[in-house]
Every structure is written in C-alpha cells, then in structure tokens.
Amino acid sequence: MKYPLRPTLIALSAVALGVTGCSSLMYNNSFSSADDIQPIEPVDSTIERIGLEQAWDDKTKEQFWFTSQGSQIIPYSWFTWLEVADGKDLFRSSDHMSYLGYLPEPPSDLNPSGLPIGFALNKDTKGDAWVGMTCAACHTNQLDYQGNKFLIEGAPTLANFVLFFDRLTEAMNATNTDEIKFQRFAKNVLADQYSVANAAQLRLSFTDMSIKIAQRQQVNALPSSLPKDFTSYARLDAFGNIQNEGTAFALHDLSNKNIPNAPVSYPFLWGTHQSDVVQWNASAPNTPVVGPLSRNIGEVVGVFGGLSIDKAPWWKRLIGIKTSYSSSVDMIGLGQLETSVKALRSPQWPQNYLPPINTQKAAAGSILYQAQCSGCHQVMTREQEKDLYIAVKTPVGEIGTDPITAWNAEFHEAKTLILEGQKQLILAGDKFEAEADAISIPVNGVVGLILKEPKTALKAGLMPLGSDSKERRKSLKEYAKMHAQARDAIQQPVDDNAPYMKNGELNLDGLVYKARPLNGIWATAPYMHNGSIANLWETLQKPEDRQTSFWVGNRNFDPKVVGYVNQQAEPIGNYPSPSSKFNVLDSKGNSAMGNSNLGHDFGTDLTDEEKWQLVEYMKTL
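Quick caveat, the model's predicted, so the values are computed rather than measured. (Residues numbered from 1 in each chain as written. Predicted model: local features only at pLDDT ≥ 70, side-chain atom pairs only at ≥ 80, totals over all residues. Heavy atoms only, no water.)

Glancing now at helix α12 (residues 331-343). Taking 1.5 Å of rise per residue, 13 residues should cover 18 Å, and α12 covers 19 Å from first to last C-alpha, within 8% of that figure. Inspection of α12 places Met331, Gly333, Leu334, Gly335, Leu337, Glu338, Ser340 and Val341 among the buried residues, and these make up the whole buried set. The inward-facing, buried residues of α12 abut α2 (58-66), α5 (135-138), α10 (290-302), α16 (440-452) and α17 (454-462). Sitting at the amino-terminal end of α12 is Asp330, which places a side-chain oxygen 3.2 Å from the backbone nitrogen of Ile332. (Helix = DSSP H or I, 4+ residues; strand = E, 2+ residues; numbered from the N terminus. Expected span 1.5 Å × (residues − 1). Buried < 20%, exposed > 50% of the residue type's maximum accessible area, 1.4 Å probe, protein only. Contact = heavy atoms within 4.5 Å. Polar contact = N/O pair within 3.5 Å; in protein donor to acceptor, adjacent residues only side chain to side chain.)

Take a look at the structure:
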C-alpha cells in the first residue's frame, strides 16, 4: 500500500521547509515500510552549487550523499514530520538544518523527504524505514565566494553535530510533553490511519525512543566547566563518541563512559584509502578488506549504529561462544561508500572563480615547501593520488600540538563487564581484564560483527578492490591475519603499565599524530587536527603569535589567507547565526585543554614574503 500526500499538509509544510515531505505509517507498534516512502515534487528552486572536478559523476555524488550505512536515529516518518522544540517549523526545514551547518537538498528517489546531504533512508531487517547519518554528513562541505557556492566532496563539514543532537533531543521532548504539538505530529505521521488508539500507540513508542535519545545526549555530555560551544561547529570528538557507544551502550551500563573532551576537525576523505594508516593518531592499519571495513563499521557505531554486546544464548554457550553481537550496520552500503571514496580525488583551486594563482610566487613557494614541509607532507601529483603511500607518524611531544586526542585514545579506560576473560579480538589477542582501554571494547564489537556475517563482510570488503584485483583471491581469514599482523607492527604507543602522568605532566611517550599529503588542503580549513588554526597564513605564524580566537561556521571564503572570513555568519531565517567563536584560551587566559594552537612551528621562521609564497604554492596542491 502506498500512502498519498495530502494537499493541505503539503501547503503548510512548504512554508517552513521550502520542499514538502511525505506521510507514512506507524501502526500497531511497527513503523512504515521503506517501500512506502515516495519522493515528492519540490516546490522551490534548488540551491545552485558549483561542483568541482573530483572524479565523481553526478550519480556517484548522489549515491555517496544518500547511501545508507546502517545508521538509525529515529524512524524516517518521524524525522519527516518532527517540529523544532520552540516553534512549528519542521526540524528538517532548510533554514533549520542550515543553521545546524548541514547542506539542504531537494527530494529525489534516494532522498524522498528532501533531507540534507548525508541524511539517508535506512531499511532495517523488518523493512521499516529509519533516518540515519551517512559519510557525507560529516565529509561534504560548501564554501562561498562572491555569490558562488562551491560544493567540495569529501571535505570536512562545518556542521555542528552536538547542536544537532541537542536540538533533536529538545524537539522530541517538546513533542512528547506538548499535547497540541504531539497531535500535529501524530496526524502527519499516521495520515489516513489516524485514530485515538493509534495515536496512543504511537505515543508509547515515541516516549520510549525520546528517552533513549536523551540518554545518548547525557552519556556524551560535557562537564559544566567547559564552555557551551566547546565542540561546536566544524569539529567533534568522534573517538570519544565511539568509545562510549561501545562501553556504555553496547555493554548496557550508561555509567561506563568517558568524557568526549577532545574534539577534532573532520578529516578530508580524498587519499584515505591510499594511506597505510588512518585516524589522527595513526592507530588503525589500512590493510585490504578488513582495514577499511573495520574503520567504517566503527564510524557507524559512533553515529547510531546500534551496537549491542550481549550474553549468548544458552545453546551457544555450550560450545564456548559466550557473547553475541548485533547492530544495524549495513556492510554492503559501507562497501559501496568506500568504493566511491577510493575513487575520490582532491579538489583543485577553481581559478575561473577564485583569484588566479600567482605562478611566480607559487614557484618560489614550491622550493620552500620542499625544504620546510615535504619531510612530513610528501608531494603527490594528481596522477599519483591513486597510489598507496606511507604516512609520516610524528611523536606528539615533538610536534607540540594539542595532545588530548592522542592521549585520550590511549588512556581512556572502561569496565569490560561481560567481556571480562574473553580475547580482545575474539579469536586472538590478550584476554580482557576487569578494565581495559575504552577503545578496545568497540573494536571487539566490530570484530564480532564481521565474524557474525563473514560472507557479507568479505563481499563488502572486496568491493573497493575492483573486479580484476589479484587481492580478491584471499579468504576473510587471510585478510584478518594480515590486519592483525599490521596492528602488531604499529608501535604500541605506551606500555600497558605506563603511568597516565609523567613528572606531573601527561605521559606522551610513544603517542603520535599522522601527517599526510596536502593535496586539496586549501579547501579544508580550519587547520591542525583540533581545528585550532583558522587559515593557512596563521599556520605559518610563530605559535605565540597565532590568533587565540576566531569565528567558525561562516562559509564565506578568504582566498588570500586561505580559510574562512573571521566574522560571525549572518542569521538564517528565524534562526541564529550558524557560527561560534573558537577560543584557544580559557577564562583564566590559559590554553584550554583540547584547544591548544601551539606546536607545528615549521616555516614560522620564514620572512613574510616567503610565507606568502608558501601559501600561494599550497593553493596549487
């Protein structure tokens, strides 16, 4: 059965949304079938964006934007009709989602409710429809210059995930507690199946999910000692969120958590598949099949992948299987997304729209780059972007940048609960003690999901290799062995018994950050792993002279310093400015933990003329 749209509701929602949504059914405690959700006709003009040549055609772009990876936030019909907490605007309205930093798109077959880039429709095992995030939500960006809007595929988003989730929690609570608001919501969701009884059944399910959403917000909440916009636009402690999804939610103990207080910039995606390691702290080997699959499953776990680690049924325990693993992760979707990312190439400076590159300055800058930068950030031509490379791993103590991301990844711990006594990698590794590195718990969950569906995992993992690759001849067991060996080959940062502190300071022995080629770096501001430096010009200033405060979230591009203009963005419709101040210093004038802009002093002794030459050259990368 298909559920038609009602003209009255279309007209009303179009006022707030700019495009209209589709009704769908939640009946007898089951959500609408994904097959019942149909795209609708947009009622306004599409946002005009200029795409750059990055080796993707239009079909690949849309598939990347809206292919589900198994993330499930709330039912798709609920997200379609949910209102903001403090008004009647639909939560998904273009103005509201733009205020949160996400990029609106009109309805299409893959995006029936006209959600922003990166919000995908997911069909669960029952055929029910959910909305969830996919890679593009965090790795697609738009920068504006003189009226033109450039869409950069694979670039770090300027979105504010924490604000998005806070406002989602508030919207669901307001809908649940405001009877008039809930009735509007129920009539839209239930459509021609609306009745008092069905609305009451919907209310039960909505209340239950509202509590779960609020629990996630509380588990990842920051202490009151940190400023409200500590995470804010353009950065997120993804590692911390993934840790908590494993320790608190997968193990069903909400107190078993760590504070996600090390937000980082979202990394750009081009070149990801070609590197030997991934993550800012170079902690994950990028071996064929298992490497990308493990990395991507872990990412889905952090964005509503629903990982659950439970005691195995009695009959499995009889044969030595103590735990079972479940999740909504879509491995085939991940294989499709990784295949696209492997083909993605860096964006080139659009000289038809931005000021043309000064070739004389760039030539001089290329020589300076070889002397000052290439030891860590190797130069790769456009033709070499498909080639594998070895990333430089620089000790945190030497580079001098903020250490909290690397330190948290190493030293955050959590209770292992039902995993105690089991091998950390299920079939290999040391056995879990009562407490363990927090990140090892979601890693265990990822391994469990792969072993649960080995055929699907192998199929998904092979997709990026292509049909003619010789690498396709190995079994999943062989790929897993390769991955385990690569993990062992990565220098373990700190001995298991090493102290958290050393001589009264954080123990940074063995901790590293990853450097990579800087192709496309011009489109990825702000800079450093924690987004603490506003533009390329500022990266070349002596650490003590760098800006200690700047605006983040404004999309207007400054081609001279290569970053975004340091101004608060204009409000959007009835919503506040989609920007916030990044403050390096705390209220006492000290460098705030997680926000330091020190270190990385390469090139800072050059003259201003030489620095401008180096900036000009980096525009060409």
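On we go.
Before going further, it helps to examine the packing of α10 against α12. One way to put it is that α10 packs onto α12 with a least axis distance of 10 Å and a crossing angle of 115 degrees. With respect to α12, the axis of α10 lies roughly perpendicular. Note that α10 runs across α12; the crossing there is right-handed. Of the residues in α12, those touching α10 at Pro292, Arg295, Asn296, Ile297 and Val300 are Met331, Leu334 and Glu338. Among the residues forming the contact of α10 with α12, the class breakdown is five nonpolar, one polar and two charged. (Axes fitted to C-alpha atoms, helices over the stretch in contact; angles between N-to-C directions. Parallel < 35°, antiparallel > 145°, perpendicular 65-115°, else oblique. Left-handed = near helix turned anticlockwise from the far one by under 90°. Nonpolar A, V, L, I, M, F, W, Y, C, P; charged D, E, K, R; others polar.)

What the rule picks out here adds up to zero disulfides. The closest cysteine sulfur to the non-disulfide-bonded Cys135 is located on Cys138, 8.5 Å from its own sulfur. There is no disulfide at Cys373, and the cysteine sulfur nearest it, in Cys376, is 8.9 Å away. (Disulfide = S-S within 2.5 Å.)

Turning to the pairing of strand β18 (residues 512-515), a few remarks are in order. Judged by which residues are buried, β18 turns out to be covered on both faces: Val512 and Lys514 on one side and Tyr513 and Ala515 on the other are all buried. When strand β13 (residues 392-395) meets β18, the two strands line up antiparallel, connected through four bridges. Across the sheet, Val392 pairs through a bridge with Ala515, a residue of β18. (Pairing = 2+ DSSP bridges.)

Looking now at α17. Listed as buried for α17 are Ala457, Ala460, Gly461 and Leu462. Residues of α17 that are buried in the fold lie against α10, α12, α16 and α18 (476-489).

The strand order across the open sheet built from three strands is β1-β6-β5, with neighbouring strands paired in mixed fashion. The open sheet is flanked by β1 (50-51) and β5 (140-145), the only strands paired with a single partner. Pairing analysis gives six bridges linking β5 to strand β6 (residues 148-153), with the strands arranged antiparallel. Directly across from Tyr145, in β6, lies its bridge partner Asn148. Here α2 sits on the sheet in contact with β1, β5 and β6, set at roughly 75 degrees to β6.

Turning to the packing of helix α6 (residues 161-177) against helix α8 (residues 196-219), a few remarks are in order. Between α6 and α8, the shortest axis-to-axis distance is 9 Å and the interhelical angle comes to 150 degrees. It follows that α6 is roughly antiparallel to α8 by the angle criterion. In the packing of α6 onto α8, the handedness of the crossing is left-handed. Mapping the contact onto sequence places Phe161, Phe165, Asp166, Thr169, Met172, Thr175 and Asn176 in α6 and Arg203, Phe206, Thr207, Met209, Ser210, Ile213, Ala214, Arg216 and Gln217 in α8. Looking at the contact of α6 with α8 residue by residue, the class counts come to seven nonpolar, six polar and three charged.

This is a description of form; function is not addressed.
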